[in-house]
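# Summary of the model geometry
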Amino acid sequence: MHSVSEPAARPAPAGPRRHGAGFWVTGLTFLLLMAFSTVPTPLYTLYVVRDGYGPFTVTVIFAAYAVGVAASLFFVGHLSDRVGRRPLILLAAALEILAAVGFLVRDDLAGLLVARVVSGVGIGALTATATAYLAELDGARSRPTPGRAAVVATMANLGGLGLGPVLSGLLAAPSAHPLVLPYAAFAVVLVVLLVATLFVPETVLHRPGLLPYRPQRVAIGSELRGRFAASGVGAFTGFAVFGLFSSVAASFVRDELGQPSLIVAGVVAGTPFLAGALGQTLVAARTQESQLRLAAALIVAGPAALFGGVVLASTWLFVAGGLLAGGGAGLLFKAALGRTAALVPPGERAEALALVFLVAYAGLVVPVLAVGVGLVYLPAPVVLGVFVVLVALAGGWAASAMRRG
């Protein structure tokens with residue numbers, strides 16, 4: 001789930017060893033900042049039990065994060081081309097630490113909403129910057145490794161989102177203070193990473209100066225909008241799958257599958273993201289058409305298995321569905337980015353890709369809120385069944401349309 005930043009940089013005059021060490025510090029920082037953003041996922045059930053929140057309230061808390069990310073991507077995320085990569089990474093780390101403190105000092109509904117927005121703003125500042133930073137740091141080494149930065153960025157991004165719920169569940173389950181320890185532990189780690197980032201070489205030497213500020217433009221030419229539709233639907237559908245697991249998966253695991261374990265909830269919630277990261281890496285050598293065929297199959301089979309897991313109260317079938325759906329969602333989003341980048345001239349690419357992310361984050365918010373509303377009035381299997389059918393139809397159509405060109 002990472003954004004794209006326009007190339008701006010010549011490497012700063014630091015030794016190759018510093019750039020090599022900085023590469024791994026940045027990769028680890030990227031991974032754990034993304035992981036922190038999904039720490040609350042398995043903990044939502046505890047807030048529900050303690051405060052009596054309904055499923056719609058949980059989805060609103062989750063949506064606050066997505067709104068923060070989307071706003072930050074367009075107002076902040078592109079600024080590293082002007083002010084440097086390191087300042088934006090430091091800003092992102094500081095915002096995630098602030099969010100962790102927010103979770104600790106005020107965990108009522110208003111506090112949770114504010115902390116989630118702050119966390120989203122930090123992630124929006126991070127993704128494009130860290131992706132570009134990794135490529136530049138690796139390129140400044142004496143022997144850069146082709147493709148390594150892209151693999152590390154993908155694993156840090158989606159892998160971090162998958163790792164967060166797992167670590168959160170592992171920390172919270174045995175703790176007498178499950179709503180404290182995960183946030184406190186991450187806060188300490190993030191402070192260490194912020195300090196370490198201070199020693200990573202900057203890679204943006206040429207800075208345009210005090211040009212007038214403008215947000216990232218979001219647009220695509222009118223003559224391309226028809227062909228863009230498939231990419232937009234693919235991005236929307238892929239993020240809808242990720243949003244379901246980030247928001248209400250823990251509740252499904254507890255209420256429908258009878259699994260109260262926070263560890264199980266964390267593993268289930270993290271599964272689609274880990275599958276999305278691994279799936280993109282494992283099939284990277286295959287043709288675009290082959291990847292889209294696989295995405296179409298997975299985006300149908302995965303949600304169907306999810307539905308079967310709820311109906312049959314089978315945790316393993318639900319997890320398998322998450323693996324398949326996450327793999328399909330990751331491939332759909334990757335294809336949406338690649339196809340959009342290929343459609344437009346280089347000078348319009350950033351604006352078009354920004355539109356992909358706007359549509360994707362709409363997919364992260366709108367379907368999840370609809371699921372939350374549905375759960376208020378309808379049984380969970382019915383709501384999930386409708387979600388599954390819509391995802392399968394939309395994802396299958398998008399993959400087929402992108403394959404046809």
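Refer to the structure presented above.
Note that this is a predicted model, so its numbers are computed, not measured. (Residues numbered from 1 in each chain as written. Predicted model: local features only at pLDDT ≥ 70, side-chain atom pairs only at ≥ 80, totals over all residues. Heavy atoms only, no water.)

Let us now look at the environment of I61. Mapped onto the fold, I61 is located in helix α3 (residues 55–75). Assessed through its relative accessible area of 1%, I61 is described here as buried. On a C-alpha basis, the gap between I61 and E136 in space is 36 Å, while along the polypeptide they are 75 residues apart. Ignoring any residue separated from it by four or fewer positions in sequence, one finds I61 in contact with Y44, Y53, L109, L112, L113 and R116. (Helix = DSSP H or I, 4+ residues; strand = E, 2+ residues; numbered from the N terminus. Buried < 20%, exposed > 50% of the residue type's maximum accessible area, 1.4 Å probe, protein only. Contact = heavy atoms within 4.5 Å.)

We now examine the pattern of salt bridges. Tallied over the full model, the rule gives 8 salt bridges. For D81, the salt bridge goes to R85, with nearest N and O atoms at 2.7 Å. Taken individually, D81 and R85 each receive the classification buried, so the pair is uniform in this respect. With its nearest N and O atoms 2.7 Å apart, the salt bridge here joins E136 to R85. Placement of E136 in helix α6 (residues 109–139) and of R85 in helix α5 (residues 85–105) is noted, with a sequence separation of 51 residues between them. (Salt bridge = Lys/Arg side-chain N within 4 Å of Asp/Glu carboxyl O.)

Scanning the entire structure with this criterion turns up 2 cavities of 30 Å³ or more. Lining the largest cavity are 14 residues, with T38, F62, Y65, S246 and F273 positioned closest to its centre. Those elements that provide at least two residues to the lining of the largest cavity are α3 and α9 (225–247). A total of 3 residues in the lining of the largest cavity trace back to one element, the largest contributor, which is α9. Classifying every residue of the lining of the largest cavity gives 8 nonpolar, 5 polar and 1 charged. One number sums up the size of the second largest cavity: a volume of about 30 Å³. Lining the second largest cavity, in full, are Q288, Q291, L292, A295, L331, K334 and A335. Going through the elements one at a time, α12 (288–311) and α13 (315–343) are the ones with two or more residues in the lining of the second largest cavity. Sorting elements by how many residues they give to the lining of the second largest cavity places α12 first, with 4 residues. Of the residues assigned to the lining of the second largest cavity, the class counts are 4 nonpolar, 2 polar and 1 charged. (1 Å grid on protein atoms, 1.4 Å probe; cavity = no way out; pocket = protein on both sides within 12 Å on 5 of 7 lines; lining within 4 Å. Points joined across faces, edges and corners; volume = space filled by probe spheres on them. Nonpolar A, V, L, I, M, F, W, Y, C, P; charged D, E, K, R; others polar.)

This next bit is on the environment of F36. Here F36 is to be found in helix α1 (residues 16–37). Sequence separation between F36 and L161 is 125 residues, and the spatial gap between their C-alpha atoms is 7.8 Å. Apart from residues lying up to four places away in sequence, F36 is in contact with E96, A99, A100, F103, S119, Y183, F186 and L190.

Another point: the nonpolar core. One recurring pattern in soluble globular proteins is that nonpolar side chains are buried together. Membership of the largest hydrophobic core comes to 118 residues, with the highest contact counts inside it found for F36, Y47, L126, L244, F252, F318 and Y361. With 13 residues, helix α14 (residues 349–377) is the largest single contributor of residues to this core. In this structure, L126 is in contact with F30, L33, M34, I89 and A92, ignoring residues within four places of it in sequence. (Core = buried A, V, L, I, M, F, W, Y, C linked by side-chain atoms within 4.5 Å.)

Relative to the helices and strands, T315 resides in helix α13. You can call T315 buried: its relative accessible area is 13%.

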